[in-house]
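# Geometric and topological summary
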Amino acid sequence: MTSRRKFIELVALSTVAALAPAAAPDRARAATKRRVKAAPVTLPARVRTSAVEAEIARQQQSTAATLKTIRDFDLAPGSEAAFVFVAARAPRRRTPREAKRSAR
């Protein structure tokens, strides 16, 4: 019984809240006019420390070495590709008429 009462109270309060701006359009208009846009927040630029710069340089060197190893690897002539991309056909969409027929 308590849950029903709470539900009815919630519905009533929601209805009142939904109708309140319609009942007082002048107040609603005045409230929206008073809203002022806040100035955009500007964050200070991040300063990279020497440790961060060193780590970035280390990772760039590691990536370059990995790419060099991959590019220098010789494949035998005529060897199979690692994979072949084949596009899958999209399923055909049913028209509303076909949907009605299958529902019967």
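Keep in mind it's a predicted model, so treat the numbers as computed, not measured. (Residues numbered from 1 in each chain as written. Predicted model: local features only at pLDDT ≥ 70, side-chain atom pairs only at ≥ 80, totals over all residues. Heavy atoms only, no water.)

A tally of regular secondary structure across the protein gives four helices and zero strands. Along its sequence from the N terminus, the protein presents helices and strands in the succession α-α-α-α. When the 104 residues of the protein are sorted by exposure, 0% land in the buried category. Surface accessibility of the protein: about 11,100 Å² in total, with carbon and sulfur atoms responsible for 60%. (Helix = DSSP H or I, 4+ residues; strand = E, 2+ residues; numbered from the N terminus. Buried < 20%, exposed > 50% of the residue type's maximum accessible area, 1.4 Å probe, protein only. Areas by Shrake-Rupley, 256 points an atom, 1.4 Å probe, with all protein chains shown as cover.)

To continue, consider the confidence of the model for the protein. The share of residues in the protein with pLDDT of 70 or more is 80%, and the mean pLDDT across the chain is 80. Per-element confidence in the protein is highest for helix α3 (residues 50-72), whose mean pLDDT is 95, and lowest for helix α2 (residues 25-34), whose mean pLDDT is 61. (pLDDT = per-residue confidence, 0-100.)

Right, let's get into the pattern of salt bridges. As enumerated under the stated definition, the model contains three salt bridges in all. Put simply, Arg58 and Glu55 hold a salt bridge, and the shortest N to O gap is 2.6 Å. Of the two residues, Arg58 and Glu55 both sit in helix α3, three residues apart, roughly one turn of that helix. Between Lys68 and Asp72 there is a salt bridge, with the nearest N and O atoms lying 2.8 Å from each other. Here Lys68 and its partner Asp72 are both found in helix α3, four residues apart, which amounts to about one turn of the helix. Judged by its relative accessible area of 54%, Lys68 is exposed. (Salt bridge = Lys/Arg side-chain N within 4 Å of Asp/Glu carboxyl O.)

To continue, consider a nonpolar patch on the surface. Together, Phe7, Ile8 and Val11 make up a nonpolar patch on the protein surface, roughly 300 Å² of accessible area in all. Position of Val11 relative to the elements: it lies in helix α1 (residues 2-23). By relative accessible area, which is 38% here, Val11 ends up partly exposed. (Patch = residues over 30% accessible without salt bridge, like charges linked within 9 Å, V, L, I, M, F, W, Y side chains within 5 Å.)

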